[in-house]
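Observations on the model geometry
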Amino acid sequence: MVQAKKTALQSEADDAVVMTPHGTYDSYTGTADDDTITGTTKRDFIFGGDGDDILTGQAGEPNPFNNPQDRYNGGAGVDTITSHSAYYYGSTFVYTSVTDSYFDAQGSHSDLIKNFQSSDVLDLTALGLERVGDGHNGDLAVTYNAIEDITYVRSLDKNAQGQAFEVRLEGDHAAQLGTQNFALRYDLTADSNGREHGLSDKQYVITGTDGDDFLVVPRSGNIVTGAGGADEMYGGGSRNTFVFEHLTDSFVNDGTGQSSVDLIHSFSLGDGDLLDVSALGFTGLGNGYNGTLNYSYDSEAGYAIAQSFEADQDGNRFAVHLTQYDRDPLTGLQDMDRFTFAGDNAADRASQTLTGDNYRDTFTNSTAGGILVGGGDDDLLVGNTGVDTFRYVEKSDSFRGNSDFIQNFDATQDRIDVSALGYTGLGDGTDGTLKLIYDTALHRTYLKDYEADADGNRFEISIDKNVAKTFTADNLIVADANAAHIELVGLAPADLHPMG
């Protein structure tokens with residue numbers, strides 16, 4: 001089961017609670033002692049660990065439409081977990097072991113969930129529990145104790161140690177609890193058409209076959225493990241997590257020419273979709289070596305590629321393809337925020353990328369700085385207070401008449417990286433140089449190449465306001481004019497433009 005596996009969130013407990021920011025969510029990992037952990041008003045993943053923990057979420061105030069959809073896993077011990085109001089999708093409470101919350105002959109040792117909302121979900125799929133019934137054979141018995149003002153949700157089937165799952169909900173929820181309050185199992189088979197639950201609002205834990213599966217993922221909050229085969233999965237909702245448990249779930253073998261690579265359509269960073277590669281041991285984005293993944297957009301293929309360039313003993317290396325679907329402006333997010341990595345995911349965000357595609361992207365950099373890669377079309381790229389780098393990997397990223405527009409460019413520290421395009425510096429716009437000019441009518445500064453390609457296109461970038469007087473060679477990252485030309489043979493397009 002997906003939840004039964006240790007992930008980056010469920011790592012070995014340290015001596016202190018660890019909070020790690022992930023861009024679209026923050027994760028908290030508790031200790032073996034009694035912890036008190038309070039989340040933020042954005043999306044939180046809170047794992048209490050052992051001990052009798054107090055875990056508290058917060059609503060997305062002041063805007064009631066900001067639903068953080070928190071995820072809680074109390075771990076062992078008698079935990080008290082407080083939910084919060086939600087506009088549409090509620091929070092999820094995950095249990096992966098009977099001993100996380102149970103009763104036996106000695107009495108109750110179960111968690112108490114306060115402020116449970118009608119849209120909240122109990123994920124008991126790892127225990128084989130997902131519906132209300134008589135308490136036997138996968139059903140859960142629901143009873144309300146008016147004296148205690150507690151609703152008991154429990155299985156009446158005990159394990160060999162005499163323990164049976166139980167969780168307590170503060171208040172009377174006996175009449176309202178239904179299938180909508182439980183995550184459901186969805187196991188694909190060879191006969192599945194992959195569309196069975198595509199329009200469902202319920203949460204699912206989905207497992208594919210070892211074949212080439214087709215799947216339309218339900219709308220929100222699902223955990224998807226494609227398993228083996230070259231799976232084609234359509235997201236389209238929000239906050240879906242695609243889990244890779246084995247390197248061969250999605251791989252390339254350069255030696256044999258064999259490949260079995262998953263393609264995830266409509267992957268939305270802004271809506272909190274995630275790629276969980278923690279079980280594979282990847283620790284971050286980089287050059288694809290030393291435990292990192294390379295992330296880049298292949299404009300010819302029309303999808304982004306996350307891949308490792310290090311093969312296992314069988315010659316297989318991890319790779320996954322995805323079409324990005326972020327049509328709303330992205331602020332402060334980066335490519336690394338698409339992933340759940342192994343470890344604490346600590347990284348110098350100033351060296352990390354946010355990569356666009358062949359459509360118009362609107363990106364605002366993080367306050368820590370970073371590298372914005374707009375890709376094709378006329379992108380709007382906005383700097384922030386940190387050191388901003390605007391990187392170009394193909395001349396078609398910004399052609400005259402369809403050029404990028406850079407705002408908030410700080411000539412004292414920001415840079416434009418055109419090294420991959422072969423430009424060697426500022427000049428008259430010929431012989432590998434770019435000309436810097438200011439248009440007084442439009443109040444914009446331009447970097448222009450005056451030499452057109454075979455189709456008549458010329459590379460050009462526009463920058464808001466007059467920076468022509470302060471822009472220097474130090475603001476431009478260029479190719480080495482003295483470097484010998486090296487022909488690259490047998491590499492895929494993503495290999496040609498590695499990005500950190």
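These notes cover the structure that comes with them. Quick caveat, the model's predicted, so the values are computed rather than measured. (Residues numbered from 1 in each chain as written. Predicted model: local features only at pLDDT ≥ 70, side-chain atom pairs only at ≥ 80, totals over all residues. Heavy atoms only, no water.)

Side note on the sheet that holds strand E17 (residues 184-187)
Rules: In this scheme, strands are said to pair when DSSP sees at least two bridges between them. Helix and strand labels come from DSSP, where a helix needs a run of H or I of at least four residues and a strand needs a run of E of at least two; each type is numbered from the N terminus.
Ordered in space as E17-E18-E20-E22-E26-E32, the six strands form an open sheet in which the pairing is parallel. The open sheet is flanked by E17 and strand E32 (339-340), the only strands paired with a single partner. Taken together, the three bridges between strand E22 (residues 241-243) and strand E26 (residues 274-276) define a ladder with parallel strand orientation. Following the sheet pairing, Thr241 is matched in E26 by Leu274.

Here we look at a negative patch on the surface
Note the threshold: Within this analysis, patches are made of residues with over 30% relative accessible area and no salt bridge. Like charges are joined at 9 Å or less; nonpolar side chains (Val, Leu, Ile, Met, Phe, Trp, Tyr) at 5 Å or less. Areas reported here follow the Shrake-Rupley algorithm with a probe of radius 1.4 Å; residue values treat only the protein chains shown as occluding. By convention in these notes, a salt bridge is any Lys or Arg side-chain nitrogen within 4 Å of a carboxyl oxygen on Asp or Glu. Only four residue types enter the tally: Lys and Arg on the positive side, Asp and Glu on the negative side; His and the chain ends are excluded. Think of each charge as sitting on NZ of Lys, CZ of Arg, CG of Asp or CD of Glu. Per-residue accessibility, obtained with a 1.4 Å probe over protein chains only, is compared with the maximum for each type, and a residue is labelled buried under 20%, exposed over 50%, and partly exposed between these values.
Taken together, the side chains of Asp15, Asp33, Asp34 and Asp52 make up a negatively charged region of the molecular surface. Among the structural elements, Asp15 can be located in the segment before strand E1 (18-21). Overall, the relative accessible area of 76% leaves Asp15 in the exposed class.

So, the nonpolar core
Most often, soluble globular proteins have nonpolar side chains that are buried together. Applied cut-off: Nonpolar cores were defined as sets of buried Ala, Val, Leu, Ile, Met, Phe, Trp, Tyr and Cys residues, with membership established by side-chain atoms within 4.5 Å. Any pair of residues with heavy atoms lying within 4.5 Å of one another is described as a contacting pair.
The biggest cluster of nonpolar side chains holds 28 residues, and the ones touching the most others in it are Phe242, Ile264, Leu275 and Phe339. Within the residue set of this core, elements represented by two or more residues are E17, strand E18 (204-207), strand E25 (262-267), strand E28 (292-298), strand E29 (303-307) and strand E30 (316-324). Here Leu275 is in contact with Phe242, Phe244, Ile264, Phe267, Val320, Leu322, Arg338, Phe339 and Thr340, once residues within four sequence places are set aside. Ranked by size, the runner-up nonpolar core spans 24 residues in total, among them Leu372, Ile416, Leu421 and Val467.

Here we look at the packing of aromatic side chains
Where we set the bar: Two rings from Phe, Tyr or Trp (for Trp, the six-membered ring) form a pair when their centres sit within 6.5 Å of each other. Planes less than 30 degrees apart are called stacked, planes more than 60 degrees apart edge-to-face, and all others tilted. Distance and angle both matter: a charge sits over a ring if NZ of Lys or CZ of Arg is within 6 Å of the ring centre and within 35 degrees of the ring normal.
Under the counting rule described, the total for this entry stands at 16 aromatic pairs. Measuring from centroid to centroid gives 5.6 Å for Tyr392 and Phe459, while their planes differ by 80°, and the two rings are edge-to-face. With Tyr392 in the loop between strand E37 (388-391) and strand E38 (404-407) and Phe459 in the loop between strand E42 (444-448) and strand E43 (460-464), the pair connects residues that are 67 residues apart, well separated along the chain. An aromatic cluster of three or more residues is present, and its members are Tyr72, Phe93 and Phe116. Geometry around Phe405 places Arg444 over its ring, the cationic atom sitting 3.9 Å from the centre.

Section: the pattern of salt bridges
Scanning the entire structure with this criterion turns up 15 salt bridges. Measuring nitrogen to oxygen at the nearest pair gives 2.5 Å for the salt bridge that ties Arg131 to Asp139. With a relative accessible area of 15%, Asp139 lands in the buried category. In this structure, Asp449 and Lys395 form a salt bridge, with 3.8 Å as the shortest nitrogen-oxygen distance. Here Lys395 lies in the loop between E37 and E38 and Asp449 lies in the loop between E42 and E43, a separation of 54 residues in the sequence.

Re unusual backbone geometry
In the Ramachandran plot, Asp149 falls in the positive-phi region, its phi being about 55° despite a non-glycine side chain. Following the sequence through the fold, Asp149 ends up in the loop between strand E14 (139-145) and strand E15 (150-154). Note on Asp149: relative accessible area 35%, which makes it partly exposed. With phi around 75°, Asp377 is a residue other than glycine that occupies positive phi space. With respect to the secondary-structure elements, Asp377 resides in the loop between strand E35 (370-373) and strand E36 (380-382). The exposure class of Asp377 is partly exposed, given its relative accessible area of 23%.

Focus: the pairing of E17
Residues Leu184 and Tyr186 point to one face of E17 and are all buried, whereas Arg185 and Asp187, pointing to the other face, are not buried. Taken together, the four bridges between E17 and E18 define a ladder with parallel strand orientation. Bridge pairing links Asp187 to Thr207 in E18.

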